[in-house]
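Residue-level structural notes
Single-letter residue listing:
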Amino acid sequence: MGLDETERCGWCGTDPLYVAYHDTEWGVPERDSRALWEKLILDGFQAGLSWITILRKREAFREAFEGFDPEVIAGWGEPEVARLLGNPGIIRHRGKIEATIGNARAFLAMEAQGGFADAMWAYVGQSPIQNHWRTLAEVPAYTPLSERMSKDLKKAGFRFCGPTIVYAWMQATGMVNDHLVGCPRHPQVAALAMPQK
């Protein structure tokens, strides 16, 4: 895309992987339930770490977690947890691995009740919130809406989905457009805001 790096949101720095993520993926509205769930899981794994760490390991995560197929993962138990704890390609954290299995079960229950993506996008009225931040300092770590979503996800059986994780996920999946107004991606992402039917 060749964005001017002086205009791009500063959080992605100059790492080519991070820049590509910013320029092509971050903030683009994601309406596929399974893809939304994968991103929520990866945001949970990111807790306490930098996002670039997760990006560098994303393909290894996808391989280790069977393409993030919730129907497969929901049936896992201790043997799979032990296998994953021995995988150096991913973040080896027992709590996060066990949460992913539970989150797969919670996801399937929500899918059966009308769809995970529809339920999540309902929080923003099915259309992305368009923010107009000028500096990174203005961008919140979480919002009252992410607090409510986090509470509801926990009630539904999800773990590793606190308000800050949920807000980062909302940003990544385009539920909110948090590209800075000076970034060329802000208007490009805003143009993708119309709900898909």
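Just so it is clear, the structure is predicted and the values come from calculations on it, not from any experiment. (Residues numbered from 1 in each chain as written. Predicted model: local features only at pLDDT ≥ 70, side-chain atom pairs only at ≥ 80, totals over all residues. Heavy atoms only, no water.)

For side chains of opposite charge, pairing can occur when their charged atoms come near one another. All told, the structure shown has 10 salt bridges when counted by the stated rule. For Asp23, the salt bridge identified is with Arg8, shortest N-O distance 2.8 Å. Of the two residues, Asp23 is situated in helix α1 (residues 16-24) and Arg8 in the segment before α1; the sequence distance between them amounts to 15 residues. Residue class for Asp23 comes out buried when judged on its relative accessible area of 6%. (Salt bridge = Lys/Arg side-chain N within 4 Å of Asp/Glu carboxyl O. Helix = DSSP H or I, 4+ residues; strand = E, 2+ residues; numbered from the N terminus. Buried < 20%, exposed > 50% of the residue type's maximum accessible area, 1.4 Å probe, protein only.)

Counting 50 residues, the largest nonpolar core has Phe65, Phe116, Phe158, Trp169 and Met170 as its most contacted members. Elements with a minimum of two residues in this core: α1, α2 (33-46), α3 (51-64), α5 (78-85), α6 (94-112), α7 (116-122), α8 (144-155) and α9 (163-172). Those residues within four positions of Phe65 in sequence are excluded, and the remaining contacts are Phe45, Ile73, Trp76, Leu84, Ile90, Ile97 and Thr100. (Core = buried A, V, L, I, M, F, W, Y, C linked by side-chain atoms within 4.5 Å. Contact = heavy atoms within 4.5 Å.)

The angle between the axes and the distance between the axes are what describe a pair of packed helices. Interaxial distance between α1 and α3 falls to 10 Å at its minimum, and their mutual angle equals 95°. In terms of their interaxial angle, α1 and α3 are classed as roughly perpendicular. Residues Leu17, Tyr18 and Tyr21 of α1 lie in contact with α3, whose contacting residues are Trp51, Ile52, Leu55, Arg56 and Arg58. Residues that form the contact of α1 with α3 fall into these classes: 6 nonpolar, no polar and 2 charged. (Axes fitted to C-alpha atoms, helices over the stretch in contact; angles between N-to-C directions. Parallel < 35°, antiparallel > 145°, perpendicular 65-115°, else oblique. Nonpolar A, V, L, I, M, F, W, Y, C, P; charged D, E, K, R; others polar.)

Our focus in this paragraph is the side chain of Arg8. Residue Arg8 is classed as buried on the basis of its relative accessible area of 10%. Here Asp23 takes part through its side chain, which lies 2.8 Å from a polar atom of the side chain of Arg8. (Polar contact = N/O pair within 3.5 Å; in protein donor to acceptor, adjacent residues only side chain to side chain.)

Taking 1.5 Å as the rise per residue, α2 with 14 residues should run 20 Å; its terminal C-alpha atoms sit 20 Å apart, in good agreement. The N-cap residue of α2 is Asp32: its side-chain oxygen and the backbone nitrogen of Arg34 are 3.3 Å apart. (Expected span 1.5 Å × (residues − 1).)

Here the focus is the layout of surface pockets. By volume, the largest pocket is sized at about 440 Å³. Along the wall of the largest pocket there are 20 residues; nearest its centre are Trp26, Gln46, Trp51, Ala168 and Gln171. Among the secondary structure elements, those contributing two or more residues to the lining of the largest pocket are α1, α2 and α9. Its residues placed into classes, the lining of the largest pocket shows 15 nonpolar, 3 polar and 2 charged. (1 Å grid on protein atoms, 1.4 Å probe; cavity = no way out; pocket = protein on both sides within 12 Å on 5 of 7 lines; lining within 4 Å. Points joined across faces, edges and corners; volume = space filled by probe spheres on them.)

Turning our eyes to something else, we now look at α6. Look at α6: 28 Å from first C-alpha to last across 19 residues, which is about the 27 Å you get at 1.5 Å a residue. All buried positions along α6 are accounted for by Gly95, Lys96, Ile97, Ala99, Thr100, Ile101, Asn103, Ala104, Ala106, Phe107 and Met110. Here the buried face of α6 lies against α2, α4 (70-73), α5 and α7. Note on α6: the residue one or two positions beyond its end, Gly114, has a positive phi of about 125°.

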